[in-house]
Amino acid sequence: MNAEAQIKKGRKFDQVLAGARAVFMREGFEGASVDEIARDAGVSKATLYSYFPDKQHLFLEVLKLECVAQSEVEVLFEQKGLSVEEKLGVICRKLITFFLSDFGQDMFRVCVAEAKRFPELGEAFYNTGPKYWGGKIAGFLSSEKARAVLDIDDPYLAADQLAQLCRADLMLKVMFGVETDPSEAEIDRVVDEAVRTFLARYRRAD
């Protein structure tokens, strides 16, 4: 089933999404009810269902919009005047910040839990998150400026490797509640080591 074909836009579409986002962030996917979403959005259930056939498709749309909004990828890659090493550091910091954010953590948990029952959810999270980021990073790694410094045969694989370096142990600690508020020093350490390791593998020989 194509989720996009089920969705129509209307006067209260954004209002429904705003209410749904608030409830999903507060209650999680399982805890959120259509009645509660309608109340928060200030619409009737009939209006809500006129836009979305069920809660899953509503969550899917919130997920897509949130992933794009949270990533700020276009702004990130438009930054001027940075060296390749500095740009890698900026990319890594943004990735880590997303991985550690409440939104990033909540969406990861929900999408993993729901992926088998609602495959479109996992696919949407992958396409709007990891795949989208990976494509943008690969594009940077393929740029003339990056290629002058880095020797990379497969920029998409290299982009994924960079993202994996950013996850490190800190992401798991936050996800499992071992650590709830990582310090800037901890984040700096992961960023610095990710960039150093990546450059050790891909920097061109002098």
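Just so you know, these numbers come straight off a predicted model, no measurement behind them.

Cut-offs applied
- Residues numbered from 1 in each chain as written.
- Predicted model: local features only at pLDDT ≥ 70, side-chain atom pairs only at ≥ 80, totals over all residues.
- Heavy atoms only, no water.
- Helix = DSSP H or I, 4+ residues; strand = E, 2+ residues; numbered from the N terminus.
- Buried < 20%, exposed > 50% of the residue type's maximum accessible area, 1.4 Å probe, protein only.
- Contact = heavy atoms within 4.5 Å.
- Areas by Shrake-Rupley, 256 points an atom, 1.4 Å probe, with all protein chains shown as cover.
- Patch = residues over 30% accessible without salt bridge, like charges linked within 9 Å, V, L, I, M, F, W, Y side chains within 5 Å.
- Salt bridge = Lys/Arg side-chain N within 4 Å of Asp/Glu carboxyl O.
- pLDDT = per-residue confidence, 0-100.
- Expected span 1.5 Å × (residues − 1).
- Bend = angle between axes of the 7 residues up to and from the residue.
- Axes fitted to C-alpha atoms, helices over the stretch in contact; angles between N-to-C directions.
- Parallel < 35°, antiparallel > 145°, perpendicular 65-115°, else oblique.
- Nonpolar A, V, L, I, M, F, W, Y, C, P; charged D, E, K, R; others polar.
- Polar contact = N/O pair within 3.5 Å; in protein donor to acceptor, adjacent residues only side chain to side chain.
- Core = buried A, V, L, I, M, F, W, Y, C linked by side-chain atoms within 4.5 Å.
- Left-handed = near helix turned anticlockwise from the far one by under 90°.
- Phe/Tyr/Trp six-rings, centres within 6.5 Å; stacked < 30°, edge-to-face > 60°.

### Examining the overall build of the protein
Each helix and strand in the protein was counted, giving 12 helices and 0 strands. Burial statistics for the protein: of 206 residues in total, 45% are counted as buried. By sequence separation, contacts in the protein at least 24 residues apart represent 71% of the contacts at least 6 residues apart. A total of about 11200 Å² of accessible surface is found on the protein, and carbon and sulfur atoms cover 51% of it.

### Some thoughts on a nonpolar patch on the surface
Among the surface-exposed residues, Leu172, Phe176 and Val178 lie close enough to one another that they form a single nonpolar patch of about 340 Å² accessible area. Judged by its relative accessible area of 40%, Leu172 is partly exposed.

### Remarks on the confidence of the model for the protein
As a general rule, the predicted coordinates of low-pLDDT regions are not to be interpreted in detail. Summing up the model confidence of the protein, the mean pLDDT is 85 and the portion of residues at 70 or higher is 89%. Across residues 1-6, confidence stays below pLDDT 50; counting only partners more than four residues off in sequence or on other chains, it has 11 contacts.

### So, helix H1 (residues 13-31)
For H1, with 19 residues, the first-to-last C-alpha span of 22 Å runs short of the 27 Å given by 1.5 Å per residue. Its maximal kink placed at Met25, H1 deviates by approximately 80°. Within the span of H1, buried status applies to Phe13, Val16, Leu17, Gly19, Ala20, Val23, Phe24 and Phe29.

### Regarding the packing of H1 against helix H7 (residues 102-114)
The interhelical angle for the contact between H1 and H7, taken along N-to-C directions, is 10°, at an axis separation of 10 Å. With respect to H7, the axis of H1 lies roughly parallel. Residues Met25, Phe29 and Glu30 of H1 touch H7, and the partners they reach there are Phe103, Met107, Val110 and Glu114. Considering only residue class, the contact of H1 with H7 consists of 5 nonpolar, no polar and 2 charged.

### What to know about unusual backbone geometry
Its identity is not glycine, yet Ala168 carries a phi of approximately 45°, on the positive side. By secondary structure assignment, the location of Ala168 is in helix H11 (residues 155-175). Judged by its relative accessible area of 39%, Ala168 is partly exposed.

### Remarks on the side chain of Glu36
Position of Glu36 relative to the elements: it lies in helix H2 (residues 34-41). A distance of 3.0 Å separates polar atoms of two side chains, one belonging to Glu36 and the other to Arg26. Ignoring anything within four residues of it in the chain, the contact list for Glu36 reads Val23, Arg26, Glu27 and Gly31.

### Focus on the nonpolar core
It is characteristic of soluble globular proteins that their nonpolar side chains tend to be buried jointly. Counting 63 residues, the largest nonpolar core has Phe24, Leu58, Leu88, Leu141, Leu150 and Phe198 as its most contacted members. Non-local contacts of Leu150, meaning those with residues more than four positions away in its chain, are made with Val84, Leu141, Phe198, Leu199, Tyr202, Arg203 and Arg204.

### Remarks on the packing of H7 against helix H8 (residues 119-128)
Between H7 and H8, the shortest axis-to-axis distance is 7 Å and the interhelical angle comes to 140°. Note on packing geometry: the crossing formed by H7 with H8 is left-handed. Touching Met107, Phe108, Val110, Cys111 and Glu114 of H7 are Pro119, Leu121 and Phe125, all from H8. Of the residues that constitute the contact of H7 with H8, the class distribution is 7 nonpolar, no polar and 1 charged.

### Describing H11
If you check H11, its first and last C-alpha atoms are 29 Å apart, about what 21 residues at 1.5 Å a residue would give, namely 30 Å. Along H11, the helix axis deviates most sharply at Ala168, where the bend reaches about 55°. Residues of H11 that are buried: Pro155, Ala158, Ala159, Leu162, Ala163, Cys166, Leu170, Met171, Val174 and Met175. Where the residues of H11 are buried, they touch helix H6 (84-100), H7, helix H9 (130-141) and helix H12 (184-202). Between a side-chain oxygen at the N-terminus of H11 and the backbone nitrogen of Tyr156 the separation is 3.2 Å; the capping residue is Asp154. Downstream of H11 by one or two residues, Gly177 has phi in the positive range, about 75°.

### Considering the packing of aromatic side chains
We describe a pair of aromatic rings using the distance from one ring centre to the other and the angle between the two ring planes. Summed over the entire model, instances satisfying the criterion amount to 5 aromatic pairs. Each member of the aromatic cluster is reached from another via a ring pair, and the members are Phe13, Tyr51 and Phe52.

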